[in-house]
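Below, each chain spelled out in residue letters.
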Amino acid sequence: MASQFFTRIFVFSAVAIALFVTTPCASAGKEASHIQWKLACLAPKDVGYAVRVREILIPEVEKATGGALSVKVYWGGVMGNDEETLKKMRIGQLHGSGLSGEGTFKLADDISVLGLPFLFESYDEVDYLREQMTDEFDAIVEAQGLKLLTWLDQDFDQIYTASRPIFVLEDFSKSSFITWFGPLEGKLLETMGATATPMSVMEIPSSLRSNIADGVIAPAIWVLGTQLYATMHNVNAMHIRYVPAFPVVTQKAWDMLSDEQKETIQRERGGWTNTFNALSRQDTKKCLEAMIKYGMVLTETPPGELRRIQDRARGIWEPLAGELYSREIYDQVQAHLKEYRAGN
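Residues numbered from 1 in each chain as written. Predicted model: local features only at pLDDT ≥ 70, side-chain atom pairs only at ≥ 80, totals over all residues. Heavy atoms only, no water.

1. Let's talk about the packing of helix H4 (residues 123-142) against helix H9 (residues 259-294)
- One can describe the packing of H4 onto H9 by two numbers: an axis separation of 13 Å at closest approach and a directional angle of 145 degrees. The hand of the H4/H9 crossing is right-handed. Residues Tyr 123, Asp 127, Arg 130, Thr 134 and Asp 138 of H4 touch H9, and the partners they reach there are Arg 269, Thr 273, Asn 277 and Arg 281.
- For the contact of H4 with H9, the per-class residue count stands at 1 nonpolar, 3 polar and 5 charged. (Axes fitted to C-alpha atoms, helices over the stretch in contact; angles between N-to-C directions. Helix = DSSP H or I, 4+ residues; strand = E, 2+ residues; numbered from the N terminus. Left-handed = near helix turned anticlockwise from the far one by under 90°. Contact = heavy atoms within 4.5 Å. Nonpolar A, V, L, I, M, F, W, Y, C, P; charged D, E, K, R; others polar.)

This is the structure in structure tokens:
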């Protein structure tokens, strides 16, 4: 566990790219003004998704503006959690954020459709839906007065427990979980028969160490980054939900760019997204493997039992359509996935 890899593991949070502030350039011969985007992000600078943000996203976005833009990042949650940074964006104290999955779902209810339990069977399906529906999710974010820079992956989240492993459907009713992902996660745990205690993400590690609850649904990156692998002794790696991560800026920040700069970012963001997600998926796989090597017990639910769990969890999809997320966005997602599966 002391290897160099662990200094670069991803802490839960997702990527980020920005905020705006304009400041005059002091040197003669330079442009009269320079655009600086200021960013808030939960991840520490040298750990987790932050590494990929610094290596890939920030340089590419700056390059796309021809050097007119620079990005300043407030790492490690110094600006607060996702909800707090969103509030600061609304009042102008911040102008952008690299949101985690939790913050992404808080942007708009319709985005939560992407986190339906067992919606996706693979990352290939996620990639296909991203190709088909990025424009729709751009519009959902824009309706909140924000600009979606790109659609990134957080992970396929897993089930972690301290004492009792989750093996069959009935194990949920014997377990207590921390819930932190909003109403969709709460409804899922209720449907599965688990006891759920709502909590903010910042409180989870200490609460699990204090035995306030036994389990949590989370990404491997975050569990390893918070060192909860010493407390959470079991993992069921079923892909219980996919979670996106949206880096966003205010519309005011976006409008500081020229039309040409905006068009370049829009045109090139697909390449950055593919590169980032490919590396991120490798990293999350390494995180899970490292925790199992450390001593965490991997529970593998047999196919018949897994289908029972999936059928129970998927039972919340239809009732929430028109209540949590719109029927229109739900039907679009289902139609595209049906289309993909028919061709594969």
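2. Quick look at the confidence of the model for the protein chain
- For the protein chain, the average pLDDT comes to 88, and 90% of its residues sit at 70 or higher.
- For the protein chain, per-element mean pLDDT is lowest for strand E1 (residues 21-24), which scores 34, and highest for helix H12 (residues 327-342), which scores 98.
- In the predicted structure, residues 1-33 sits below a pLDDT of 50 and forms 129 contacts with residues beyond four places in sequence or in another chain. (pLDDT = per-residue confidence, 0-100.)

3. Quick notes on H4
- Where H4 bends most, the angle comes to about 65 degrees, and this point is Met 133.
- Along H4, the residues that are buried comprise Tyr 123, Glu 125, Val 126, Tyr 128, Leu 129, Arg 130, Met 133, Thr 134, Phe 137, Asp 138, Ile 140 and Val 141.
- By the N-cap criterion, in which a side-chain oxygen at the helix start approaches the backbone nitrogen of a residue two or three places on, H4 is capped by Ser 122, the distance to Asp 124 being 3.3 Å. (Bend = angle between axes of the 7 residues up to and from the residue. Buried < 20%, exposed > 50% of the residue type's maximum accessible area, 1.4 Å probe, protein only. Polar contact = N/O pair within 3.5 Å; in protein donor to acceptor, adjacent residues only side chain to side chain.)

4. Structural notes on the environment of Gly 193
- One can find Gly 193 in the loop between helix H5 (183-192) and strand E8 (195-198).
- Measuring from C-alpha to C-alpha, the distance between Gly 193 and Leu 169 comes to 8.8 Å, with 24 residues separating the pair along the chain.
- Beyond its immediate chain neighbours, meaning those up to four positions away, Gly 193 contacts Phe 172 and Ser 173.

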